[in-house]
2 protein chains.
Amino acid sequence: MTTLSDVAKEANVSKMTVSRVINHPEQVTPELRVIVEKAMEDLNYHPNSIAQALVNNRTNVVKFVTLEDIDTTEPYYMNLLFGFARGLNTKQYAMQLVTDPTQIEKGYADGYLITGARNKDYDMFDKLDKPFVLFGENHRGYDFVDTDNQTAEKIATQYALDRLYKRIIFIGIDIKEPFEYSREAGYINTLQQHQLIPQIYRVPNHSHKAQEIIHEHFKEFKKDTCFICASDRIAVGVVRQLQDEGARIPEDFGVIGFDGVFLDQVSNPKLTTIKQPIFKMGEMLASMLLQKIAQSGSPQGEIMLKPELIRRETTR
Amino acid sequence: MTTLSDVAKEANVSKMTVSRVINHPEQVTPELRVIVEKAMEDLNYHPNSIAQALVNNRTNVVKFVTLEDIDTTEPYYMNLLFGFARGLNTKQYAMQLVTDPTQIEKGYADGYLITGARNKDYDMFDKLDKPFVLFGENHRGYDFVDTDNQTAEKIATQYALDRLYKRIIFIGIDIKEPFEYSREAGYINTLQQHQLIPQIYRVPNHSHKAQEIIHEHFKEFKKDTCFICASDRIAVGVVRQLQDEGARIPEDFGVIGFDGVFLDQVSNPKLTTIKQPIFKMGEMLASMLLQKIAQSGSPQGEIMLKPELIRRETTR
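Nothing here was measured: the structure is a model prediction, and the numbers come from that model.

Caption draft 1: A look at the packing of aromatic side chains. All chains considered together, the criterion is met by 23 aromatic pairs over all chains. Measuring from ring centre to ring centre gives 5.6 Å for Phe125 of chain B and Phe132 of chain B, while their planes differ by 50°; the resulting arrangement is tilted. We note that Phe125 of chain B, like Phe132 of chain B, is buried. Cluster of aromatic residues (ring-pair linked, three or more members): Tyr201, Phe218, Phe221, Phe227 and Phe253 of chain A. Lying across the ring of Phe132 of chain A, Lys292 of chain A places its NZ or CZ 5.5 Å from the centre. The ring of Phe258 of chain B has Arg183 of chain B lying over it, and the distance from NZ or CZ to the ring centre is 3.8 Å.

Caption draft 2: Local environment of the pairing of strand 5 (residues 144-147) of chain A. Residue and element names in this part refer to chain A. Of the two faces of strand 5, both are covered, the one formed by Phe144 and Asp146 as well as the one formed by Val145 and Thr147. Two strands pair when backbone bridges link them, and strand 4 (residues 132-135) and strand 5 are joined in this way by 2 bridges, in the parallel orientation. Bridge pairing in strand 5 places Leu134 opposite Phe144. The sheet contact formed by strand 5 and strand 11 (residues 302-305) spans 4 bridges and is parallel.

Caption draft 3: Up close: the side chain of Thr315 of chain B. By secondary structure assignment, the location of Thr315 of chain B is in the segment after strand 12 (308-310). Beyond its immediate sequence surroundings of up to four residues, Thr315 of chain B is in contact with Tyr159, Tyr165, Cys226, Pro250, Val255, Ile256 and Thr272 of chain B.

Caption draft 4: Molecular detail of the nonpolar core. Within the largest apolar cluster, 144 residues are counted, with the highest numbers of intra-cluster contacts made by Met95 of chain A together with Met95 of chain B. One finds Val65, Tyr112 and Tyr142 of chain A together with Leu128 of chain B within the second-largest nonpolar core, a separate group that totals 34 residues.

Caption draft 5: Looking closely at the sheet that holds strand 7 (residues 200-203) of chain A. All names here are of chain A. Strand order across the open sheet formed by 6 strands is 7-6-8-9-10-12, with mixed pairing between neighbours. Each edge of the open sheet is held by one strand with a lone partner, namely strand 7 and strand 12 (308-310). Neighbour-to-neighbour, the strand axes of the sheet open up by a mean angle of 20°, direction not taken into account. When strand 6 (residues 167-173) meets strand 8 (residues 225-229), the two strands line up parallel, connected through 5 bridges. Bridge pairing in strand 8 links Phe170 to Ile228. On top of the sheet, helix 10 (residues 232-244) reaches strand 6, strand 7, strand 8, strand 9 (253-259) and strand 10 (272-275); it is set at about 160° to strand 9, its chief contact.

Caption draft 6: Focus on the environment of Val62 of chain A. Residue and element names in this part refer to chain A. Mapping Val62 onto the fold places it in strand 1 (residues 61-66). Taking relative accessible area as the criterion, Val62 reaches 0% and is therefore assigned buried. Residues in contact with Val62, not counting those within four places in the same chain, are Phe84, Leu88, Tyr93, Ala94, Met95, Gln96, Ala109, Gly111, Leu289, Leu290 and Ile293.

Caption draft 7: View of unusual backbone geometry. Residue and element names in this part refer to chain A. For the peptide bond that leads from Asn268 to Pro269, omega is 0°, which places it in the cis range. Here the phi dihedral of Gln195 falls at roughly 55°; this positive angle occurs in a residue that is not glycine. Classification of Gln195 as exposed rests on a relative accessible area of 70%.

Caption draft 8: Here's a closer look at the sheet that holds strand 6 (residues 167-173) of chain B. All names here are of chain B. Pairing within the open sheet is mixed, and its 6 strands lie in the order 7-6-8-9-10-12. Of all strands in the sheet, those bounded by a partner on one side alone are strand 7 (200-203) and strand 12. This sheet shows a mean twist of 20° between the axes of neighbouring strands, independent of strand direction. As paired strands, strand 8 (residues 225-229) and strand 9 (residues 253-259) are joined by 4 bridges and run parallel to one another.

Cut-off values and rules
Residues numbered from 1 in each chain as written. Chains lettered and ligands numbered in written order. Predicted model: local features only at pLDDT ≥ 70, side-chain atom pairs only at ≥ 80, totals over all residues. Heavy atoms only, no water. Phe/Tyr/Trp six-rings, centres within 6.5 Å; stacked < 30°, edge-to-face > 60°. Buried < 20%, exposed > 50% of the residue type's maximum accessible area, 1.4 Å probe, protein only. Lys NZ or Arg CZ within 6 Å of the ring centre and 35° of its normal. Helix = DSSP H or I, 4+ residues; strand = E, 2+ residues; numbered from the N terminus. Pairing = 2+ DSSP bridges. Contact = heavy atoms within 4.5 Å. Core = buried A, V, L, I, M, F, W, Y, C linked by side-chain atoms within 4.5 Å. Axes fitted to C-alpha atoms, helices over the stretch in contact; angles between N-to-C directions.

Have a look at this one:
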């Protein structure tokens, strides 16, 4: 059985330093932390997390809170969750999943990751007595990690123009939330740079709602049009209805989705889309939250990750 | 602040009984447990899980272990996970997600849920020093929860016959595992009851592999054939290739999938499929595992849940 002394000897530091790395990592320099953590790993030393948690008045548990309806949960939550779990595992943290907002504070936890938050939820957050971070941009000053939504749609719109589509139409999600405004802004700004007039439709985030809007307006759409969609669900509906109307994809009509998890690959034809780095965002949310807990709740700021355009079969 | 005494008074039992329900539920009759737990809930009383865990030498953490490659993770794992989480939450348990088998015993946990186990993994299980349960049937005597795979394909095959398809072909997963054998057995037995000869193809669980096999043999397939597929992924590939060959679905060819999570609904046409009760299985796995932990690892047996046939657009 490896002891704390063994770790101290291996890392060539005092036992006090090892103890500090375990219990108060924020009081130790990053270099020292790396050395000690490596020694702990090499010797397969795991401090008793329970005893350690008691010392720190911690539970070593955080909650993963999903405020969106679980029935409509996109598969990308799976990636977020596994990324988050990977981040937690590095510090031997465990999680509870909570889908009922009234249960957030039930039981014990050291902090919360909150996903799917909408404007109406913010009042509740101010009452939470534990540190939390959000998945998704917000303008209330809450710490968050998100994709850079505005840059994402700039990239998508510019790509459609580069592929010589003459008209670019945005099919957004019918929701008054910062991520949607940012996506629309990326589209609008890029069009304006090219002296083109934005044209935006907004629908609920379901493929059949996207089908309806395409069906309704199909006669108005001319050839050489590309649809920039705020989600892959919407893109799938747009593609399906264009096919049903007999339109040729990608020759006459282009479609670009958003998310890049699963749906883009199982659709036929496969979607050109903006791929969010979801697993990575999950990992970063975990490290942001654990850092915030270690620092007694001090602000961690915003992290916006750069997305990637994946070229597939729905654009020229 | 609610105390243990308040709970005892509310439930009309001694404080010792309340303490026993919290720390040694296996020593209390189910009736008494229900009464005390209801009182705890009514009074919003949450025993300090950390102190409680120390008393019991427990961590109040279990691990959700996924042995399948995370890249190929089907969306249904999300439902399993949330079901499992719901089950854990009732006892204020948290989880760690583990995708690297070498990390299973790293750190601390009271037990493990193991998913995606294959024959090659079983040797490892015998070395685990904590209670575990499996998601997925096995013939090694390990406790598990699964769908009743054999009954499922009996239902699917019988339904295809009832819809007057004359030839029923099984497209299985190319894997030597109990769940696949059970699915094939359900198909074979039903055909034999009707004096029909089974015809089975097996492919890796990818839609394009299913497309290849349909393309290769399409000329041999006569009208009035229904394909019973061992997964929705395979069914999606079968449908796609049949469409590419110009075949009419469901008039001339029927397709029935398996899983009933997400993929069946986003495909076009929507799949007739066998829907597994995944969320429910997750919940049952949690309660089986927590029960096993409370009973110091004693066997819990097998639970096979009945699946449901969902009739949609790929059968007459």
